[in-house]
Amino acid sequence: MKKILYSLVLLLSLGSCQKFEELEKNPNLPIQVPADLVLKDILMDMYEGTWNKDARYNQYYTINYNYYGNNEYDWTTSDLRYTTLKNVLKMEEEAKKNLSTDKNAYAALGKFFRAYFWFWMTQRVGDVPLKDALQGEANITPRYDTQKDIYLQVLTWLDEANTDLASLQAAGQATLPLKGDIYLNNSLSSWQKVVNAFKLRVLINLSKRTDDADLKVKTRFAEVVANPTKFPLFTGNVDNLQFVYNAVYNKYPVNPDNFGNDATRQEMSATHVELLKRYQDPRLFVTAEPAEAQLKKGVKATDFAAFVAPSPALSLDVMSTGANNGEYSFINRNRYYKGYTPEPTVILGYSEQSFNIAEAINLGWATGDAADYYQKGILANMDFFGIKNGTNTVVFEIRNAGVATSQSFTISFDPTAYLGQSLVKYAGNTTEDASRF
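Bear in mind the structure is a predicted one, so any value in this text is a computation, not a measurement.

Right, let's talk about the overall build of the chain for a bit. Counting secondary structure elements, the chain contains 18 helices and eight strands. Projecting the C-alpha coordinates of the chain onto the three principal axes gives extents of approximately 95 × 65 × 40 Å. Burial status across the chain gives 45% buried among its 437 residues. Considering only intrachain contacts with a sequence separation of at least 6, the fraction spanning at least 24 residues in the chain is 71%. Element-wise, carbon and sulfur atoms account for 52% of the exposed surface of the chain, whose accessible area totals about 22700 Å². In the chain, the 45 positive side-chain charges and the 49 negative ones have mean positions that sit 3 Å from each other.

This is the structure:
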């Protein structure tokens, strides 16, 4: 018996000599992950979805049934992106280890991701830790950086990313290829355009800080617009940074699977519908469908008067009753509920870039034709929704005697006439936008 106890004590004492870090290792889990797999996770974090609460906060559509949500402005906090930024560090570490150099595409994109996600955070909460962040146990109480310092660092990273991507292309990308890119097919030239288009977004958001000698907002913006060789930009929707859906793994959020739950429990918002009616905008026919009650009155399906939507301020019981009575325009059920890939979600696009340049020219930051960029932005978004010059086919789900059928209608779109409307026509204004911060 004594021998058994002695042996047990000996085994326990030997086991106690092992470090906890060794014991906690799981031999069934990988200890290294290729940089391209980490990249995919980072890219997924850039995607924020569509037809969600953010869209309701912006009064694009409404919900009339409380079980599935509401139209309240109920945000109290914001997500942060430090976990994603930790992955950026890991991606760079693995890329350097495998490629034997820190001058590679993953490192160049890492600078862009830093700029993108820190900009994302400071836009929402202001001052956040940056210089002292991501140090783990070495610094568990990182100092907060001012929003100005964050912007300055963001702009520095963007310039460095642009320079690095240009150098990698000049050296020949084939020797150090990028893999795992779900957005732009591993194209460094496409990513360079994204970097510079994003820089314009950052700068236009600083329009109330043009007097700051450190930020140099006007100079930086003008430099990008005036030198497309050094700072290539988007040339059309083909360059958009966008999340493309598929019918198997990444289905569009509004799809046939949730038709029974959502199709009549959410409708467009009056803010969206009335604005498009005011501008006689054909995008209304693509995103929404005519209200059943209006059709019963004899209003044509392609008449703007056929589209009606509730104010987001209505109580849900009133809104639900109206929806059940066919008083409102639902989300275009043929476009969004008949398949899984109606349209991609644009993260950064040519339309936005065009509007940013138009605004900058209007404010005197750069030279060029502001009206031309403004019109390009509008027409590019029309094209995104499939609206072309001439005759266009739109499809609505029309209900007769309780039976719903998909019916096709034609509408005409004349870009010149649309852009020439007094409410749409470009009108310059040199007043700084007081809404920016």
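Another aspect to go through is the environment of Q353. Structurally, Q353 can be placed in helix α16 (residues 350–362). Q353 gets classed as buried once you look at its relative accessible area, which sits at 5%. When the C-alpha positions of Q353 and G236 are compared, they lie 9.7 Å apart, and in sequence the two are 117 residues distant. Those residues within four positions of Q353 in sequence are excluded, and the remaining contacts are A197, L200, L233 and F234.

Relative to the elements of secondary structure, N64 occurs in the loop between β1 (61–63) and α5 (82–99). Within polar-contact distance, the side chain of N64 engages the side chain of E267 at 2.5 Å. Residues in contact with N64, not counting those within four places in the same chain, are T264, R265, Q266, E267, L316, M319, S320 and A323.

This part covers the pattern of salt bridges. For the coordinates displayed, the defined rule picks out 27 salt bridges. R283 serves as the salt-bridge partner of D281, at 2.7 Å between the closest nitrogen and oxygen. For D281, a relative accessible area of 2% corresponds to the buried category. On the basis of relative accessibility, which here comes to 16%, the residue R283 falls in the buried class. The salt bridge involving K338 is made with E397; its shortest N-O contact spans 3.9 Å. Taken together, the positions of K338 in the loop between α15 (333–337) and β6 (345–348) and E397 in strand β7 (residues 390–400) put the pair 59 residues apart, joining distant regions of the chain. Linked through salt bridges whose partners overlap, the residues forming this network are E289, R333, K338, E397 and R399.

Another point: the side chain of N237. With respect to the helices and strands, the residue N237 is situated in the loop between α9 (217–226) and β4 (241–243). Within the structure, N237 has its side chain in polar contact with the side chain of D383 (distance 3.4 Å). When residues no more than four places from it in sequence are discounted, the contact partners of N237 are Y350, A380, D383 and F384.

The next point concerns a nonpolar patch on the surface. A contiguous nonpolar patch, built from Y65, Y67 and Y68 and spanning about 360 Å² of accessible area, is present on the exposed surface. For Y65, the location among the structural elements is in the loop between β1 and α5. What makes Y65 partly exposed here is its relative accessible area of 36%.

We now examine the packing of aromatic side chains. Per the counting criterion, the structure on display carries 35 aromatic pairs. Aromatic side chains Y116 and F117 sit 5.2 Å apart centroid to centroid with 80° between the ring planes, which places their arrangement in the edge-to-face category. Residue classification places Y116 among the buried residues on the basis of a relative accessible area of 6%. Using a relative accessible area of 1% as the deciding quantity, one classes F117 as buried. An angle of 80° between the planes, with centres 5.4 Å apart, marks the rings of F259 and Y337 as edge-to-face. Of the two residues, F259 sits in helix α10 (residues 259–262) while Y337 sits in helix α15, which places them 78 residues apart along the sequence.

Each value, and the rule that gives it
Residues numbered from 1 in each chain as written. Predicted model: local features only at pLDDT ≥ 70, side-chain atom pairs only at ≥ 80, totals over all residues. Heavy atoms only, no water. Helix = DSSP H or I, 4+ residues; strand = E, 2+ residues; numbered from the N terminus. Buried < 20%, exposed > 50% of the residue type's maximum accessible area, 1.4 Å probe, protein only. Contact = heavy atoms within 4.5 Å. Areas by Shrake-Rupley, 256 points an atom, 1.4 Å probe, with all protein chains shown as cover. Lys, Arg positive; Asp, Glu negative; His and termini not counted. Charge placed at Lys NZ, Arg CZ, Asp CG, Glu CD. Polar contact = N/O pair within 3.5 Å; in protein donor to acceptor, adjacent residues only side chain to side chain. Salt bridge = Lys/Arg side-chain N within 4 Å of Asp/Glu carboxyl O. Patch = residues over 30% accessible without salt bridge, like charges linked within 9 Å, V, L, I, M, F, W, Y side chains within 5 Å. Phe/Tyr/Trp six-rings, centres within 6.5 Å; stacked < 30°, edge-to-face > 60°.

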